[in-house]
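# Results of the structural survey
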Amino acid sequence: MDEKVYKYADVKNNPTDLIISLLMFTRAHDESLTKKNRVEAQARALIRHNLSRQPGTAAKAIESIGQNVWWVDTKSGNVEPHPIYFNTAQKIIELKQSGETLLGIQRYLNEHYPAPRKRVYKNQEGNVQPPKTEKWGQHLLRTFLNPTVHGQKVFTLDKRDESAAVIYDTETDEALKETYTIPDYYPALMSEIDYLTLSQLDHHRAVTRSSSKHPEGNPEPEIPLLSGLGILFCGNCSSFMFK
């Protein structure tokens, strides 16, 4: 923090500098801890509000912990469907339900829908780095199908006692965690039953290099040709070729 390096001789001759550095570190730690406590207190208040709000009303956006999905808009302070991307997310669900492959969905979206803005990253000089591509990525589509599509969001916070003090594990001295699940935090793209059904179908359709571990209910896993490189696919349905 203070860009100082101490040696034994330096500390022996002038211990004051080391004491000042320790005080600076202590102050920075206390300020960070205070900020964390305020952030978690605000998040807990919003979580309690969202769990007790009237059914059918929009949830209050919680921005201080974690990130919200790309297909919602939180500019108003509430979690509402994004004017553009919510319809896109519904289209992804529709394509998955029709049996479209990951590559086929990616191609369709790149032809018909703008990709959501990617996270902003900065280099060591603090300058914003432009995204490598403005197109839909397979990772985003591969991780899309999760409980958020039926509205669920899970928050993980430090466990605290009645006085708001953090509770630590007696053996590891690490802060214990507790989770809060809001079943209707996001506007739902589909019902939970439809999600579970589609998730199971989507899992069995998947063709990955880790398919040697037979997924439950699939005793004959699909083995992609060309060592699973994913460069050979059907020209009609865009499915990867396998044997």
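What you see is a predicted model, and the numbers here were worked out from it, not measured in a lab.

Quick look at the overall build of the protein chain now. Along the backbone of the protein chain there are 6 helices and 6 strands. The secondary structure elements of the protein chain, listed N-terminal to C-terminal, are α-α-β-β-α-α-β-β-α-β-β-α. Per-residue burial for the protein chain yields a buried fraction of 28% across its 243 residues. In the protein chain, 51% of the contacts between residues at least 6 apart in sequence involve partners at least 24 apart.

Let us look at the environment of Leu95. Structurally, Leu95 is set in helix α3 (residues 85–97). Here Leu95 falls in the buried class, since its relative accessible area comes to 10%. Residues Leu95 and Ile105, spaced 10 residues apart in sequence, show a C-alpha to C-alpha distance of 6.7 Å. With residues near it in sequence (within four places) discarded, Leu95 still touches Glu100, Ile105 and Tyr108.

What follows covers the packing of aromatic side chains. Scanning all chains against the criterion turns up 8 aromatic pairs. Ring plane angle 75° and centroid distance 5.4 Å describe the contact between Trp70 and Trp136, whose orientation is recorded as edge-to-face. Pair noted here: Trp70 is in the loop between α2 (15–52) and β1 (72–73) and Trp136 is in the loop between β4 (128–129) and α5 (138–142), with a separation of 66 residues, a long-range link. Side by side, Trp70 and Trp136 carry an identical accessibility label, which is buried. By way of ring pairs, the aromatic residues Trp71, Phe86, Phe155, Tyr185 and Tyr186 are connected into one cluster.

Every buried residue of helix α4 (residues 102–112) is listed here: Leu103, Gly104, Ile105, Gln106 and Leu109. Residues of α4 that are buried in the fold lie against α3 and α5.

Between side chains of opposite charge, pairing is possible as soon as their charged atoms come close. Summed over the entire model, instances satisfying the criterion amount to 5 salt bridges. In this structure, Arg160 and Glu40 form a salt bridge, with 3.3 Å as the shortest nitrogen-oxygen distance. Pair noted here: Arg160 is in the loop between β5 (153–158) and β6 (177–182) and Glu40 is in helix α2, with a separation of 120 residues, a long-range link. One exposure class covers both Arg160 and Glu40, and it is buried.

On to the confidence of the model for the protein chain, then. A low pLDDT means the predicted coordinates there should not be read in detail. Overall, the prediction assigns the protein chain a mean pLDDT of 80, with 74% of residues at 70 or greater. This model gives residues 207–212 a pLDDT under 50, and the stretch forms 7 contacts once residues within four places in sequence are excluded. Low pLDDT, under 50, characterises residues 214–218; the predicted model gives this stretch 7 contacts beyond four residues in sequence or across chains.

Conventions we followed
Residues numbered from 1 in each chain as written. Predicted model: local features only at pLDDT ≥ 70, side-chain atom pairs only at ≥ 80, totals over all residues. Heavy atoms only, no water. Helix = DSSP H or I, 4+ residues; strand = E, 2+ residues; numbered from the N terminus. Buried < 20%, exposed > 50% of the residue type's maximum accessible area, 1.4 Å probe, protein only. Contact = heavy atoms within 4.5 Å. Phe/Tyr/Trp six-rings, centres within 6.5 Å; stacked < 30°, edge-to-face > 60°. Salt bridge = Lys/Arg side-chain N within 4 Å of Asp/Glu carboxyl O. pLDDT = per-residue confidence, 0-100.

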